[in-house]
Amino acid sequence: NAGVTQTPKFRILKIGQSMTLQCAQDMNHNYMYWYRQDPGMGLKLIYYSVGAGITDKGEVPNGYNVSRSTTEDFPLRLELAAPSQTSVYFCASSYDGLYEQYFGPGTRLTVT
Amino acid sequence: AQKVTQAQTEISVVEKEDVTLDCVYETRDTTYYLFWYKQPPSGELVFLIRRNSFDEQNEISGRYSWNFQKSTSSFNFTITASQVVDSAVYFCALLRFGNEKLTFGTGTRLTIIP
């Protein structure tokens, strides 16, 4: 099992550009999550999904969009990138919402 | 609202010393879950332990142990005989039953000095 995979590992965007962060898991987990981690801070939830076709906002959803068309994939879309979106982004998955989450390796995004 | 406080921002200890990382949480729920995660310098988050609110037994796993006390709303993590490989940022997190969202503390950066 590869677990949770994320691409790309690093990306530099110019202000106003858009991009999609990819996340996939091969553990047949129902729940998937997107977090951002700013320096010296804990993780903040952006969006989450409890199953294919179902998504919901987390604590900091503004400027982001998600979709969940399959159990395996949960891409995060950044529209009109802003410097405030410079962060490390983690995708995670869980068998159900009460169990431990397994994290991907992260994507370091810089917006300049 | 729920909250997790890790008051120790950074801790440094000499190798082989014992060290305790504090975690204090706030919630009005009676059913909840507490977690610890490790984030080594490589950046990935590694799950360490999950504890539900009805199980106050202390847990030991090798050099790691966890002390859960509902009376003080604390879930502290102790590393015995620390090693350089224990150097990492450690996060405590809280999950309410019926709410799928984890609330993370801000983390404690632990440095083990050889």
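Above this note sits the structure.
Summarised in this report is the structure supplied together with it.

Reading guide: rules and limits
- Residues numbered from 1 in each chain as written.
- Chains lettered and ligands numbered in written order.
- Predicted model: local features only at pLDDT ≥ 70, side-chain atom pairs only at ≥ 80, totals over all residues.
- Heavy atoms only, no water.
- Disulfide = S-S within 2.5 Å.
- Helix = DSSP H or I, 4+ residues; strand = E, 2+ residues; numbered from the N terminus.
- Buried < 20%, exposed > 50% of the residue type's maximum accessible area, 1.4 Å probe, protein only.

### Looking at the state of the cysteines
Consideration 1: Taken as a whole, this structure holds two disulfides over all chains when the rule is applied.
Consideration 2: Put simply, A:Cys23 and A:Cys91 are joined by a disulfide, and their sulfur atoms are 1.8 Å apart. An S-S torsion of about -70° defines the bridge between A:Cys23 and A:Cys91 as left-handed. Placement of A:Cys23 in strand β3 (residues 19–25) and of A:Cys91 in strand β9 (residues 87–94) is noted, with a sequence separation of 68 residues between them. Comparing A:Cys23 with A:Cys91, the two get one shared label, buried.
Consideration 3: There is a disulfide in this structure between B:Cys23 and B:Cys92, and the S-S distance comes to 1.9 Å. Between B:Cys23 and B:Cys92 the disulfide shows an S-S torsion of about -65°. By sign, it is left-handed. In this pair, B:Cys23 is assigned in the loop between β3 (19–21) and β4 (24–26) and B:Cys92 in strand β10 (residues 88–96), connecting sequence segments 69 residues apart. Each member of the pair, B:Cys23 as well as B:Cys92, carries the same accessibility label: buried.

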